[in-house]
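Each chain is listed here by its residues.
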Amino acid sequence: MPTLVEALGYPFMQRALFAGVLVGLVASLLGVFVILRRSAFFGDAIAHASLAGIAVGVVAGLPPLVVAAAVAVGIGLSLHRLERIGQLSLDTILGFILPFFMAVGVLVLSLSPGFQPELLSYLFGSILTVSWEGLAAIVAVGSLVALVLARHGRALVFSAFDADGAHAAGLPVGRLLTIHHVLLALVVVTSISVVGIVLVNALLVIPAATAKLLARSLGETFALAALLGIASVLAGLLGSHWLDAPSGPAIVVTAGMLFLAAWGYQAWQARRHRRRLRP
Amino acid sequence: MSALANVPALEVRGVTVWFEGQDRPAVEDVSFSLREAQIAVLIGPNGCGKSTVLKAILGLVPFAGDIRIGGVPAARARRQIGYVPQRLAFDPTLPLTVREAIRMPLLGVRTPESEAAVKHYVDVFGIADLLDKRLGRLSGGQLKRVLIVRAMVTGPRLLLLDEPEAGVDIGGEQTLYDLLGRLVSHHGLTALVCSHDLDIVFGHADVVLCLNRRLQCTGAPAEVLTPEALTRLYGPTTAIHRHRPGGTAR
């Protein structure tokens, strides 16, 4: 096995690092919005629903992630309207979307005879095989997220935190929430190449949840989530190379260990505080 | 006097809200108008439509009829409204500071005017020492003061408050309404408040609006809130105890 320094000289490793850092950054930033909206289920639902798109792509001979992106963006565009029309909560709608689209995906795949080896890479990610085209897609989505957050970030925070208050302040809440859903859908689909459908929600939720445990303000939460997202991807990727283990699960386990450390630290602080209060 | 001075601060004309699947409207043909620098209190039993009227003004529920703010249709005058909800549903473990919460409606704008407005309302409502505290660690009264400041920093002409005394102790309630009175008299603000507390109505309201799906009565509290009117509004089991100023209940 090549040493770490040698490995960093390979173009595939450089692409993987660049793609991973970008995905880690945008996913963890959008993860803070997920926590603000209390919809931690969102990433899982979109990722599993995109299996239907991947299946159609595989069977029809189309680029699977492009079809998955179309399905995910379609769901993102209609989610807020579905919430309003059906008078159902977001969680209930996501609870329908996840199994329904996943089942459709499995049924469509059953039309294609034989084993689909590339399916495993969609389920568990395969960051080391990210192509230049894949990297270009990740850069495009990252740039779009950066642009939207720079222009509408504060309005998105307000509407995710308090939709009625934002509406009362004259913000187009429906449009903002739809933008939020579409960005999340795009980030979830691009993250599939890094950690896979099964683990994609971890990149959204775990760095943001860890930051929430450690931060003293919302601004700090965004900054810490971004740092933790990048650190998890870098450490996971390099660790997986060192251990010769799959990179997607290694990234998620790294993010999870950071979360557990932050949780333990907070519990230790709370215990110390209680002890100080005892007579 | 200019023609503009005669334009009501808030005009609600024939407003009906009918929720899907309900056999009758939540509010029906409600009409009233408020002048600048008035405190109006909407009273009525639970489910009478008080919050629905506020939501119609905010455009949060579809309605038939016409609502104007300073003569402009409410849908185009949303930025003239400040809204203080009865409850703010949020994760109390969220590391959101009071400073960040009250600045949210400013969307990152930092002009000398906006900074002056934030400082002014933070001072008026005495929340300077809370600015770095987490929103989830505030008491009910503190949270209500923060929500009023948040509603005021954009300089609205109309303030809607949905049961601001909910979750606030008696002393805090009095302070809250005293501060609201100061806002209305010093800034020419118009406030429409939903409340269950008749003491508040007698102590602070310029106008009382009695609602039970339809508007039952409108006017100055002392003229309108007769025992008979309250019995009609709340039912025959309602007992009314007047308080002597500074004294005990009779």
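Described below are features of the structure shown in this document. Keep in mind it's a predicted model, so treat the numbers as computed, not measured. (Residues numbered from 1 in each chain as written. Chains lettered and ligands numbered in written order. Predicted model: local features only at pLDDT ≥ 70, side-chain atom pairs only at ≥ 80, totals over all residues. Heavy atoms only, no water.)

**Describing the overall build of chain B**
And then number 1: Looking only at helices and strands, chain B has 8 helices and 10 strands in total.
And then number 2: Its C-alpha atoms give chain B a radius of gyration of 18 Å, near enough to 18 Å, the size a compact globule of 250 residues would have.
And then number 3: Dimensions of chain B, computed from the C-alpha atoms along their principal axes, are close to 50 × 45 × 45 Å.
And then number 4: For chain B, buried positions account for 50% of its 250 residues.
And then number 5: Taking as baseline every contact in chain B between residues at least 6 positions apart, the subset at least 24 positions apart corresponds to 67%.
And then number 6: In the structure as shown, chain B presents an accessible area of about 12,000 Å², 50% of it carried by carbon and sulfur atoms.
And then number 7: Side chains of chain B give 28 positive and 25 negative charges; the mean places of these two sets differ by 2 Å. (Helix = DSSP H or I, 4+ residues; strand = E, 2+ residues; numbered from the N terminus. Rg over C-alpha atoms; globule rule 2.2 N^0.38 Å. Buried < 20%, exposed > 50% of the residue type's maximum accessible area, 1.4 Å probe, protein only. Contact = heavy atoms within 4.5 Å. Areas by Shrake-Rupley, 256 points an atom, 1.4 Å probe, with all protein chains shown as cover. Lys, Arg positive; Asp, Glu negative; His and termini not counted. Charge placed at Lys NZ, Arg CZ, Asp CG, Glu CD.)

**Thoughts on the environment of A:Ala250**
Residues and elements named next belong to chain A.
And then number 1: Its location among the elements puts Ala250 in helix α12 (residues 247–277).
And then number 2: When the C-alpha positions of Ala250 and Leu147 are compared, they lie 30 Å apart, and in sequence the two are 103 residues distant.
And then number 3: In this view, Ala250 contacts Gly236 and Ser240; residues no more than four positions away in its chain are not counted.

**Quick word on the nonpolar core**
And then number 1: A:Phe161, B:Ile43, B:Val98, B:Leu135, B:Ile148, B:Leu159 and B:Leu225 are the most contacted members of the largest nonpolar core, which has 143 residues in total.
And then number 2: With 15 residues, the top contributor of residues to this core is helix α2 (residues 11–36) of chain A.
And then number 3: Excluding residues within four positions of it along the chain, B:Ile148 makes contact with B:Val84, B:Phe125, B:Leu159, B:Leu161, B:Leu176 and B:Leu183.
And then number 4: Of all hydrophobic cores here, the second largest spans 31 residues; its members include B:Val27, B:Leu34, B:Leu58 and B:Tyr83. (Core = buried A, V, L, I, M, F, W, Y, C linked by side-chain atoms within 4.5 Å.)

**Quick look at the pairing of strand β1 (residues 10–17) of chain B**
Looking along a regular strand, one sees side chains alternate from face to face of the sheet.
Residues and elements named next belong to chain B.
And then number 1: Pairing analysis gives 5 bridges linking β1 to strand β2 (residues 27–34), with the strands arranged antiparallel. Its bridge partner lying in β2, Val17 is registered against Val27.
And then number 2: Sheet topology note: the β1/strand β4 (residues 64–69) ladder contains 5 bridges and is antiparallel. Pairing of Glu11 across the sheet is with Arg68, part of β4. (Pairing = 2+ DSSP bridges.)

**What to know about the state of the cysteines**
The term disulfide refers to a covalent linkage connecting the sulfur atoms of a pair of cysteines.
Residue and element names in this part refer to chain B.
And then number 1: In the structure shown here, the tally under the stated rule is 1 disulfide over all chains.
And then number 2: Note on cysteine connectivity: Cys210 is disulfide-linked to Cys217, with sulfurs 2.2 Å apart. Since a negative S-S torsion denotes a left-handed disulfide, the Cys210-Cys217 link at about -70 degrees is left-handed. The pair Cys210 / Cys217 is uniform in exposure class, with both members buried.
And then number 3: Lacking any disulfide linkage, Cys194 is separated from the closest cysteine sulfur, that of Cys48, by 7.8 Å. (Disulfide = S-S within 2.5 Å.)

**Considerations on the sheet that holds strand β3 (residues 39–43) of chain B**
Residue and element names in this part refer to chain B.
And then number 1: Spatially, the 6 strands line up as an open sheet ordered β6-β7-β8-β3-β9-β10, and their pairing is mixed. A single partner strand is all that each edge strand has here, and the edge strands are β6 (81–84) and β10 (214–219). Across the sheet, the mean angle from the axis of one strand to that of its neighbour is 15 degrees, orientation sign disregarded.
And then number 2: Here β3 runs beside strand β8 (residues 190–194); their pairing, made up of 4 bridges, is parallel. Across the sheet, the residue bridging to Ala40 is Leu192, located in β8.
And then number 3: Of the strands in this sheet, β3, β6, β7 (158–162), β8 and β9 (207–212) touch helix α1 (residues 50–58), which is tilted by about 145 degrees from β7. (Axes fitted to C-alpha atoms, helices over the stretch in contact; angles between N-to-C directions.)

**Some points on helix α5 (residues 90–110) of chain A**
Residues and elements named next belong to chain A.
And then number 1: Taking 1.5 Å of rise per residue, 21 residues should cover 30 Å, and α5 covers 30 Å from first to last C-alpha, within 8% of that figure.
And then number 2: Those residues of α5 not exposed but buried are Leu90, Ile93, Leu94, Ile97, Leu98, Gly105, Val108 and Leu109. Buried residues of α5, seen end-on, are gathered within an arc of 135 degrees and therefore sit on one face of the element. Residues of α5 that are exposed and point over 90 degrees away from its buried face: Leu107 and Ser110. (Expected span 1.5 Å × (residues − 1). Arc of directions from axis to C-beta.)

**Description of the side chain of B:Arg150**
And then number 1: Along the chain, B:Arg150 turns up in helix α4 (residues 140–152).
And then number 2: B:Arg150 gets classed as buried once you look at its relative accessible area, which sits at 5%.
And then number 3: Within the structure, B:Arg150 has its side chain in polar contact with the side chain of A:Asp162 (distance 2.6 Å).
And then number 4: Those residues in contact with B:Arg150 that lie beyond four places of it in its chain are A:Phe158, A:Phe161, A:Asp162, A:Gly165, B:Leu88, B:Ala101, B:Ile102 and B:Pro105. (Polar contact = N/O pair within 3.5 Å; in protein donor to acceptor, adjacent residues only side chain to side chain.)

Keep in mind these numbers describe shape, not what the thing actually does.
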